[in-house]
Amino acid sequence: MSSRVPVIAANWKMNKTIADAEAFLGDFLPRVGEVTSADVVICPPYLALKAVVELCAGSAVSVAAQNMHQEPHGAFTGEVSAPMLREVGADGVVLGHSERRTYFAETDAALAAKLPAALDAGLRPILCVGETEAQRDAEETEDVLRGQVEADLANLRDARLVELVIAYEPVWAIGTGRTATPEQADGAIGFIRSLIASRSEEAAAAIRIVYGGSVTPDNAAELLGRPEIDGALVGGASLHPEGFASIVAAAAAAAAAAAAAADR
Ligand code: PGA
């Protein structure tokens, strides 16, 4: 890990009712109350957002949605806009998750519109990118990442790049128990950082790029100890307060170790 403040985000996907979210936070918040060296984010389903915002008020934990529409309002049945998410107190939004790209036809063109819409509304985007197994086997990983990053960030000014979090999530590692090796994750994230550097060296040095895909309490420390990996987007393991808190603790420990190394 570097001197960048790590981000540890819980992607709950379509899990947890409001009552479940309340029970989770009642257990989780006391466990992470002391942690200030990592940015902890909970991404609940839309209907639990307001309750989670209220329960996290006064804590260092922030709240993000899992998707949004790019228009502020209009005839888009079933959709939710960035200003609506801000109104309920969301701080951020996950955009371009591979499940949305695969099951809901999310396109890079839509993401190019969603990113500035999110930032303009005051939401910090967590943009997900990553290759499929077939693409990795065909040695297309860098081409895929370049295509997604260039297309998705096309409408953002260089000065705004630093406001994003990017999550490198290889599709083959999501929900499969097949975590990328620390070397694979570090390499891909370093490559994404080089893409950002081709637009702005300053943004590349500051932007947080995290890893996602079967992160667990058992593998978190090793992943978070790598220099390029600035945190984790956690799915399955974020549903359990104790396990997710131990991933947060691993990030805080990695941040402390990086700060000590920088002082030497
Ligand atoms: P997982 O999901 O941790 O269950 O693999 C990660 C994600 O989809 O963000």
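About the criteria used
- Residues numbered from 1 in each chain as written.
- Predicted model: local features only at pLDDT ≥ 70, side-chain atom pairs only at ≥ 80, totals over all residues.
- Heavy atoms only, no water.
- Helix = DSSP H or I, 4+ residues; strand = E, 2+ residues; numbered from the N terminus.
- Expected span 1.5 Å × (residues − 1).
- Contact = heavy atoms within 4.5 Å.
- Salt bridge = Lys/Arg side-chain N within 4 Å of Asp/Glu carboxyl O.
- Phe/Tyr/Trp six-rings, centres within 6.5 Å; stacked < 30°, edge-to-face > 60°.
- Buried < 20%, exposed > 50% of the residue type's maximum accessible area, 1.4 Å probe, protein only.
- Lys NZ or Arg CZ within 6 Å of the ring centre and 35° of its normal.
- Pairing = 2+ DSSP bridges.
- Axes fitted to C-alpha atoms, helices over the stretch in contact; angles between N-to-C directions.

Count 3.6 residues to each turn of an α-helix, and residues three or four apart come out pointing the same way. With 23 residues, helix 11 (residues 241-263) extends 33 Å between its outermost C-alpha atoms, agreeing within 8% with the 33 Å of an ideal straight helix rising 1.5 Å per residue. Close packing links the buried residues of helix 11 with strand 1 (7-11), helix 1 (18-32), strand 2 (39-43), helix 10 (220-224) and strand 8 (231-234).

Right, let's get into the pattern of salt bridges. According to the stated counting rule, one finds 18 salt bridges in the structure shown. Note that Asp120 is salt-bridged to Arg160, the shortest N-O span being 2.9 Å. Note that Asp120 is positioned in helix 5 (residues 108-121) and Arg160 in the loop between helix 7 (141-152) and strand 6 (165-168), a separation of 40 residues in sequence. One salt bridge in this structure joins Arg193 and Glu228, with 2.5 Å as the shortest N-O distance.

Counted under the stated rule, the structure contains five aromatic pairs. When the ring of Tyr103 is compared with that of Phe104, the centres are 6.4 Å apart and the planes differ by 85°; the resulting orientation is edge-to-face. Judged by relative accessible area, which is 61%, Tyr103 ranks as exposed. Cluster of aromatic residues (ring-pair linked, three or more members): Trp12, Phe24, Phe28 and Phe244. Looking at Lys16, its charged tip hangs above the ring of Trp12, at a distance of 5.4 Å from the centre. Positioned over the ring face of Phe104 is Arg100, at 4.3 Å from the centre of the ring.

Attention now goes to the sheet that holds strand 2. Judged by pairing direction, the barrel is parallel, and its eight strands sit side by side in the order 1-2-3-4-5-6-7-8 before closing back on the first. In this sheet, neighbouring strand axes are inclined to one another by 25° on average, regardless of whether the strands run parallel or antiparallel. In this sheet, strand 7 (residues 208-212) lies alongside strand 6 in parallel orientation, the contact comprising four bridges. Looking at the pairing, Val165 lines up with Arg208 of strand 7. Against the sheet, helix 8 (residues 182-197) contacts strand 5 (124-129), strand 6 and strand 7, and its axis sits at roughly 140° relative to strand 6.

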